[in-house]
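Spelled out, the chains give:
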Amino acid sequence: MNFPKDFLWGGAVAANQLEGAYLEDGKELNVTDVMVGIARQPDLKWNEATGKWEPAFDPAKVYLSHEGIDFYHRYKEDLELMAGMGFNAFRTSISWGRIFPNGDEKEPNEAGLKFYDDLFDEMHRLGMEPVITLSHYETPLHLLTRYGGWLSEKLIGFWMNYVNVVFNRYKGKVKYYMTFNEINNIFRMPFAAGGLLKIDPKDTSRPNADLTDREIYQAAHYIFVANAKTVEACHRIDPDAQIGCMLSLSSIATYPYSCNPDDVMGALQFQRKQKLFLDVMCKGQYPGYVKRIWRENQEEPVMQAGDLELIRDNTVDYIAFSYYRSAVFKSDGSITVDTGGAAGVENPYLEGCSPEPWRWPIDPKGIRYVCNILNDEYGLPLFIVENGIGLDENLDENKRIADDFRRKYVKDHLVQVNEAILDGCNLMGYLYWGPIDVVSAGTGEMRKRYGFVYVDRFNDGTGTLERVKKDSYEWYKEVIETNGESLED
Ligand code: BGP
């Protein structure tokens, strides 16, 4: 095994999926607070009188993220459990709304800042490097209902207030930042992943019913400008910190179904929908293929003088990404995107998929493939900040969970990560997604469990919140302890 000595081993979570305390210590609603699953519709209704979208909580739904796994109050216990596996890195996000509850205040909320101060101190005490996402589906709701979110250029200013406060406050405490989690999901999940809401809709049947691609390209441009300004601010305020983009890159492993040139070209065009984000944030320029789309569909975003130079001069330090599965593109088949990446036609060459009802294909070699493509095309350090498997699990009569399926999934993927390192990829680390059971991003449920640690909470909101180590806990611990050598067994 060839994992570097300083390899970052650990796990990743996001504030909105585990903190809970959704209205505590000054925090107001954010985008995920008004939905059960980001792949679904937000619970908002149009108020004709005020001409605004308003929260419309559905009494028939359980909003599990409101309490999460109560990490806000139990983080010390949970971090101890993570440290128990030997983590030297732990990824979480700062919930923007804890720092600026509505997003447009002038002054930050001290209680929110203090929470993350204490959290990061605790991580350091336990020997874990904080790896921090600045925005993980946590845009304050007010910014959407009042301004339209990132459809408005004003968001750049509100965002910069937030990140400037963060960089100054946590200077020296956080070495690894990422800007916008999986921002390439903006087309598929514009509300939660993109932070977009049309505030003067022609169709009020549902939020964003008449959102156009042109509008999304415009919002993406504002986000690219914000990304570049954030990179500049981070480097200036805290020169010892590194800042990366964070993208869902499973879909880089979108294979052509056959050697039919339509399948091959189609797969390439599909990959480019993701590569666009890499090209702008890593190479500092819009690629020709997107300019053609804009030209042919009148979708070119409006840009301010200096935007392109700013983007060119402030590219990210590393590529952080998630990888869950690969997909197959067939020119006459269908292909969709969700939190796991793309889902096209079935790949008969894979060993299988995760059990019902999710059935995510399992393709360990895909992670090596993605690392190699990224290394060849961008030459930047790579950080795998999400990879994992969600399973429906219950404690047996001995209060045990024998999750061999998970162990095999992680082992097979890590073996391929090792291959990628041998191939010459510069891998910074591997953070397993959801080392403790959290609320699922895509479906908003607890039943889809990723953890090495089980949390006693169920889809109906019941449960004691007790934490129990699964069998994989000791196994992952050994992998980390031996810096991957134990994977050879
Ligand atoms: C990624 C998200 C995570 C996450 C993971 C698994 O897209 O960044 O927040 O939860 O996917 O997805 P899910 O929770 O839908 O199974």
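What this report covers is the structure whose coordinates are included nearby. (Residues numbered from 1 in each chain as written. Predicted model: local features only at pLDDT ≥ 70, side-chain atom pairs only at ≥ 80, totals over all residues. Heavy atoms only, no water.)

1. Quick look at the pairing of strand E5 (residues 129-135)
So, point 1. Extensive coverage of E5 is indicated by the burial of seven of its seven residues.
So, point 2. In the sheet, E5 pairs with strand E6 (residues 176-180) via four bridges, with the strands oriented parallel. The partner of Val-131 across the bridge, within E6, is Tyr-176. (Buried < 20%, exposed > 50% of the residue type's maximum accessible area, 1.4 Å probe, protein only. Helix = DSSP H or I, 4+ residues; strand = E, 2+ residues; numbered from the N terminus. Pairing = 2+ DSSP bridges.)

2. Observations concerning the site of the ligand
So, point 1. The environment of the ligand is made up of 15 residues, and the closest members are Gln-17, Glu-182, Thr-339, Ala-441 and Tyr-450.
So, point 2. Between the ligand and the protein, one listed contact pairs an oxygen atom with a side-chain N or O atom of Asn-181 at 3.0 Å.
So, point 3. Here an oxygen atom of the ligand and a backbone polar atom of Gly-442 are 2.7 Å apart.
So, point 4. Expressed as a share of its isolated accessible area of 380 Å², the protein-covered part of the ligand is 99%.
So, point 5. Here the shell around the ligand is built from residues that sort into six nonpolar, six polar and three charged. (Near = heavy atom within 4 Å. Polar contact = N/O pair within 3.5 Å; in protein donor to acceptor, adjacent residues only side chain to side chain. Areas by Shrake-Rupley, 256 points an atom, 1.4 Å probe, with all protein chains shown as cover. Nonpolar A, V, L, I, M, F, W, Y, C, P; charged D, E, K, R; others polar.)

3. Re the packing of aromatic side chains
So, point 1. The tally for this structure, following the rule as stated, stands at 35 aromatic pairs.
So, point 2. For the pair Phe-71 and Tyr-75, a centre-to-centre distance of 6.3 Å together with 55° between the ring planes defines the contact as tilted. Of this pair, Phe-71 and Tyr-75 are both found in helix H2 (residues 71-84), four residues apart, which corresponds to roughly one turn of the helix. An identical accessibility class is assigned to Phe-71 and Tyr-75; each is buried.
So, point 3. Measuring from centroid to centroid gives 5.0 Å for Phe-120 and Tyr-170, while their planes differ by 80°, and the two rings are edge-to-face. On the criterion of sequence distance, the pair formed by Phe-120 in helix H4 (residues 110-125) and Tyr-170 in the loop between helix H6 (154-169) and E6 is long-range, its members being 50 residues apart. Accessibility assignment for this pair places Phe-120 and Tyr-170 in one class, buried. (Phe/Tyr/Trp six-rings, centres within 6.5 Å; stacked < 30°, edge-to-face > 60°.)

4. Section: the pairing of strand E2 (residues 44-47)
So, point 1. Alignment of E2 against strand E3 (residues 52-55), held across four bridges, turns out to be antiparallel. When the bridges of E3 are listed, Trp-46 appears paired with Trp-53.
So, point 2. Linking two consecutive strands that pair antiparallel, namely E2 and E3, is a turn of four residues; a positive phi of about 65° is found at Gly-51 within it.

5. Regarding helix H13 (residues 472-481)
So, point 1. Residues of H13 that are buried: Ser-472, Tyr-473, Trp-475, Tyr-476, Val-479 and Ile-480. For H13, the buried positions fall inside an angular range of 165° around the axis, keeping them on one side.
So, point 2. After H13 finishes, the residue Asn-483 shows a positive phi value of roughly 50°. (Arc of directions from axis to C-beta.)

6. Quick notes on the nonpolar core
So, point 1. With 144 residues, the main nonpolar core has Trp-150, Tyr-177, Ile-319 and Tyr-476 as its most contacted residues.
So, point 2. At 14 residues, helix H7 (residues 213-237) tops the list of elements feeding residues into this core.
So, point 3. Excluding residues within four positions of it along the chain, Tyr-177 makes contact with Ile-132, Leu-134, Val-166, Phe-167, Tyr-170, Cys-234, Ala-241, Gln-242, Ile-243, Gly-244 and Tyr-318. (Core = buried A, V, L, I, M, F, W, Y, C linked by side-chain atoms within 4.5 Å. Contact = heavy atoms within 4.5 Å.)

7. Structural notes on the packing of helix H12 (residues 404-422) against H13
So, point 1. One way to put it is that H12 packs onto H13 with a least axis distance of 10 Å and a crossing angle of 20°. Viewed along their axes, H12 and H13 adopt a mutual orientation that is roughly parallel. H12 and H13 meet at a crossing whose hand is right-handed. Of H13, the residues touching H12 (which contributes Arg-406, Arg-407, Val-410, Lys-411 and Leu-414) are Ser-472, Trp-475, Tyr-476 and Val-479.
So, point 2. In terms of residue class, the contact of H12 with H13 is made up of five nonpolar, one polar and three charged. (Axes fitted to C-alpha atoms, helices over the stretch in contact; angles between N-to-C directions. Parallel < 35°, antiparallel > 145°, perpendicular 65-115°, else oblique. Left-handed = near helix turned anticlockwise from the far one by under 90°.)

Geometric values such as these leave the question of function open.
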